[in-house]
Amino acid sequence: MRWIEKRDTTREEDKVYSLFGLFDVHMPVLYGEGRQKALKRLQDKVHEDYLCLAKLWPTGSREPHVEKKRIELAKGGLLADVYRWVFDNPDFNRWRQLRE
């Protein structure tokens, strides 16, 4: 991120604001807060977003293929219950009979 230090901006906090898109962060721009406060807000927001995403991975794994394998072992497949629900659904069965 060396380019950010060389970036020429009108206001000092603009250097930090230019990072919002890189981190996919949506925050209000508060001109006059200064570079340090803007950077602290950005760091807090990125950390907050990371914590929210971390809750989606209860096993602690961050690898999708590991999670897929865990679900397959625990549930017998990713979509087994969905198929059963569709085939047992009365609306689906009525629709199927109409087509035959």
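If you're wondering where the values come from, they're calculated on a predicted model, not measured in any experiment.

Caption draft 1: Structural detail: the overall build of the protein chain. Secondary structure assignment for the protein chain yields six helices and zero strands. In the protein chain, the succession of helices and strands from N to C terminus is α-α-α-α-α-α. Across the protein chain, every contact between residues at least 6 apart in sequence was considered, and the portion connecting residues at least 24 apart equals 8%. Taken as a whole, the protein chain presents about 8400 Å² of accessible surface, with 57% of it coming from carbon and sulfur.

Caption draft 2: Spotlight on the pattern of salt bridges. For the structure shown, the criterion picks out five salt bridges. Measuring nitrogen to oxygen at the nearest pair gives 2.8 Å for the salt bridge that ties lysine 40 to aspartate 44. Residue lysine 40 and its partner aspartate 44 are both found in helix α3 (residues 34-54); the two are separated by four residues, about one turn of the helix. Judged by its relative accessible area of 47%, lysine 40 falls in the partly exposed class. Residue aspartate 44 is classed as partly exposed on the basis of its relative accessible area of 38%. With its nearest N and O atoms 3.4 Å apart, the salt bridge here joins lysine 45 to aspartate 49. Placement of the pair is lysine 45 and aspartate 49 together in helix α3, with a separation of four residues, close to one helical turn. What makes aspartate 49 partly exposed here is its relative accessible area of 26%. Each of Lys45, Glu48 and Asp49 takes part in a single network of salt bridges with overlapping partners.

Caption draft 3: Here's a closer look at unusual backbone geometry. One non-glycine residue, aspartate 24, adopts positive backbone phi at about 50 degrees. Residue placement: aspartate 24 occurs in the loop between α2 (14-17) and α3.

Caption draft 4: Highlighting the confidence of the model for the protein chain. Mean pLDDT for the protein chain: 81, with 83% of residues reaching 70 or above. The weakest mean pLDDT in the protein chain belongs to helix α5 (residues 80-88) at 72; the strongest belongs to α2 at 90.

Caption draft 5: Broad picture of the packing of aromatic side chains. Throughout the structure, instances matching the rule amount to three aromatic pairs. Considering the side-chain rings of tyrosine 17 and tyrosine 31, the 5.6 Å spacing of their centres and the 75 degrees angle between planes classify their relative orientation as edge-to-face. With tyrosine 17 in helix α2 and tyrosine 31 in the loop between α2 and α3, this residue pair connects regions lying 14 residues apart in the sequence. Members of the aromatic cluster, connected to one another through ring pairs, are Tyr17, Phe20 and Tyr31. One residue, arginine 11, lies across the ring of tyrosine 31, its end atom 4.3 Å from the ring centre.

Caption draft 6: Inspection of a nonpolar patch on the surface at higher detail. There is a patch of nonpolar side chains on the surface, built from Trp3, Leu22 and Phe23 and spanning about 300 Å² of accessible area. Under the relative-accessibility criterion, leucine 22 is labelled exposed at 54%.

What counts and how
- Residues numbered from 1 in each chain as written.
- Predicted model: local features only at pLDDT ≥ 70, side-chain atom pairs only at ≥ 80, totals over all residues.
- Heavy atoms only, no water.
- Helix = DSSP H or I, 4+ residues; strand = E, 2+ residues; numbered from the N terminus.
- Contact = heavy atoms within 4.5 Å.
- Areas by Shrake-Rupley, 256 points an atom, 1.4 Å probe, with all protein chains shown as cover.
- Salt bridge = Lys/Arg side-chain N within 4 Å of Asp/Glu carboxyl O.
- Buried < 20%, exposed > 50% of the residue type's maximum accessible area, 1.4 Å probe, protein only.
- pLDDT = per-residue confidence, 0-100.
- Phe/Tyr/Trp six-rings, centres within 6.5 Å; stacked < 30°, edge-to-face > 60°.
- Lys NZ or Arg CZ within 6 Å of the ring centre and 35° of its normal.
- Patch = residues over 30% accessible without salt bridge, like charges linked within 9 Å, V, L, I, M, F, W, Y side chains within 5 Å.

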